[in-house]
Amino acid sequence: MNNHAGSAAMPRHVAIIMDGNGRWAHARGLPRSAGHRKGVEALRRAVRAAGEMGIKYLTIFSFSSENWSRPPAEVSFLLDLMRHFVRQDVAELHRENVRIRIIGERSGLAPDIVTLIAETEERTRANTGLTLVVAFNYGSRQEIAKAARDLALAVKEGRIAPETITPELLGSHLATEGIPDPDLLIRTSGEQRLSNYLLWQCAYTEFVFVDEYWPDFNRETMQRAIAEYLTRERRFGGLTAQSA
Ligand code: FPP
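This is a predicted model, so every value here is computed, not measured.

**Q** Tell me what's going on with the side chain of Thr 131, and back it up with residues and numbers.
**A** Mapping Thr 131 onto the fold places it in strand β5 (residues 131-138). Beyond its immediate sequence surroundings of up to four residues, Thr 131 is in contact with Lys 56, Tyr 57, Leu 58 and Arg 99.

Following this line, the structure appears as structure tokens:
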């Protein structure tokens, strides 16, 4: 039986799919890049709100493995935004005791970004406040396939027996190793799908979809999503006291 079953307490881990930057810009006759810029401001608000609400882990989808298929100018704008965000915001996040982890595929990224990622993780490693997990060049199927390759190799080399491969062992080979599964996933802009985000980790996550485009996300949006989450009854596949 899962000890966490029953009425939901404040979520420990919130994952967000920040969607709708382009539509926000389009609605105002602005270029998509303007929406992404405003999206960074919304991200700052989300991080601050999460920290103040006592959330321990906030995972954000900043660039997916599939985003490379966007026009090259938009891809390079998003990559520059990431560079800028890291350079501009990490010092302050560090002062606020935020630990930053960046998950996703590093091979194929520009060397300066790989260095920035490594420096950021190293610098904030000992912080004990909010953990901000940035999914960057991340795709969940790719992550699971990599875990499967690692385990296959371990079997081939005789380091483990196939029978020892459990969900826990596979989970420990994912990029999110050591991070609890999300309790709540919020997607903005009215879209209702996972888009290759944390497929394994969201097995029992509660989903809340909000209509606002990401650039309009603020503390009130977060509070509303959490209020909705708090009405949910989490059963983790079991029964609750009322239905038993
Ligand atoms: C979705 O909007 C947003 C993205 C693909 C990028 C998310 C990035 C940010 C919010 C800012 C960057 C933050 C960091 C840390 C780099 P969309 O472009 O899919 O919008 P649309 O669906 O309306 O076209």
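Right, picking up where we left off after that structure.
**Q** Tell me about the nonpolar core, residues and numbers included.
**A** Formed by 47 residues in total, the largest nonpolar core has its most connected members in Ile 16, Leu 58, Phe 136 and Ile 186. When neighbours within four sequence positions are excluded, Phe 136 is seen to be in contact with Ser 62, Phe 63, Leu 79, Met 82, Ile 102, Ile 103, Gly 104, Glu 105, Leu 109, Ile 113 and Ile 117. Ranked by size, the runner-up nonpolar core spans 14 residues in total, among them Ala 15, Ile 103, Leu 185 and Leu 198.

**Q** Please provide a residue-by-residue account of the pattern of salt bridges, values included.
**A** The final tally for this structure, using the stated rule, is 21 salt bridges. One salt bridge in this structure joins Arg 70 and Glu 74, with 2.8 Å as the shortest N-O distance. Overall, Arg 70 belongs to the partly exposed group, its relative accessible area being 32%. Residues Arg 235 and Glu 233 are paired through a salt bridge, measuring 3.3 Å at the closest nitrogen-oxygen approach.

**Q** Talk me through unusual backbone geometry; I want residue IDs and the actual numbers.
**A** In this model, Asn 97 sits at a positive phi of 70 degrees, which is unusual for a non-glycine residue. Here Asn 97 shows up in the loop between α3 (72-95) and β4 (99-103). The phi dihedral of Asn 137 is positive, around 55 degrees, even though this residue is not glycine. Topologically, Asn 137 is positioned in strand β5. With a relative accessible area of 7%, Asn 137 lands in the buried category.

**Q** So what's going on with the sheet that holds strand β3 (residues 57-64)? Residues and values would help.
**A** Across a sheet, paired strands are connected by hydrogen bonds in the backbone, their directions being either parallel or antiparallel. As summarised here, the arrangement of the six strands in space is β4-β5-β3-β2-β6-β7, forming an open sheet in which the pairing is parallel. The sheet is open, and its two borders are formed by β4 and β7 (206-209), each paired with just one other strand. Neighbouring strand axes in the sheet, compared pairwise and without regard to direction, differ in orientation by 20 degrees on average. Pairing between β3 and β5: seven bridges, direction parallel.

**Q** Break down helix α2 (residues 32-52) for me, citing the residues and quoting the values.
**A** Working note: α-helix, 3.6 residues per turn, so residues spaced by three or four point in the same direction. With 21 residues, α2 should reach 30 Å at 1.5 Å per residue; the first-to-last C-alpha distance of 30 Å fits that figure. For α2, the full list of buried residues reads Ala 34, Gly 35, His 36, Gly 39, Val 40, Ala 42, Leu 43, Ala 46, Val 47, Ala 49 and Ala 50. Downstream of α2 by one or two residues, Gly 54 has phi in the positive range, about 80 degrees.

What counts and how
Sequence positions are assigned chain by chain, starting from 1 and proceeding in written order. Reporting in this predicted model follows two pLDDT cut-offs: at least 70 for local features of residues, and 80 or more for side-chain atom pairs to be given and counted; totals over whole chains, interfaces and linings ignore these cut-offs and use all residues. Water and hydrogen atoms play no part in the side-chain values, which are based on all heavy atoms of the structure. To qualify as a helix, a DSSP run of H or I must reach at least 4 residues; to qualify as a strand, a run of E must reach at least 2; elements of each kind are numbered from the N terminus. Two residues qualify as a contact provided that any one of their heavy atoms is within 4.5 Å of a heavy atom in the partner residue. We call a set of buried residues a nonpolar core when its members are Ala, Val, Leu, Ile, Met, Phe, Trp, Tyr or Cys and they connect through side-chain atoms within 4.5 Å of each other. Summary of the burial criterion: residues with accessible area below 20% of their type's maximum are buried, those above 50% are exposed, and those between are partly exposed, where the area comes from a 1.4 Å probe applied to protein chains only. Whenever a carboxyl oxygen of Asp or Glu lies within 4 Å of a side-chain nitrogen of Lys or Arg, that contact is scored as a salt bridge. Strand pairing requires that DSSP identify at least two bridges connecting the strands. Lines fitted to C-alpha atoms define the axes here, with helix axes fitted over just the stretch in contact, and angles between the N-to-C directions of these axes take values from 0 to 180 degrees. Under the convention used throughout, the expected extent of a helix is 1.5 Å for every residue step, that is, one less than its residue count.

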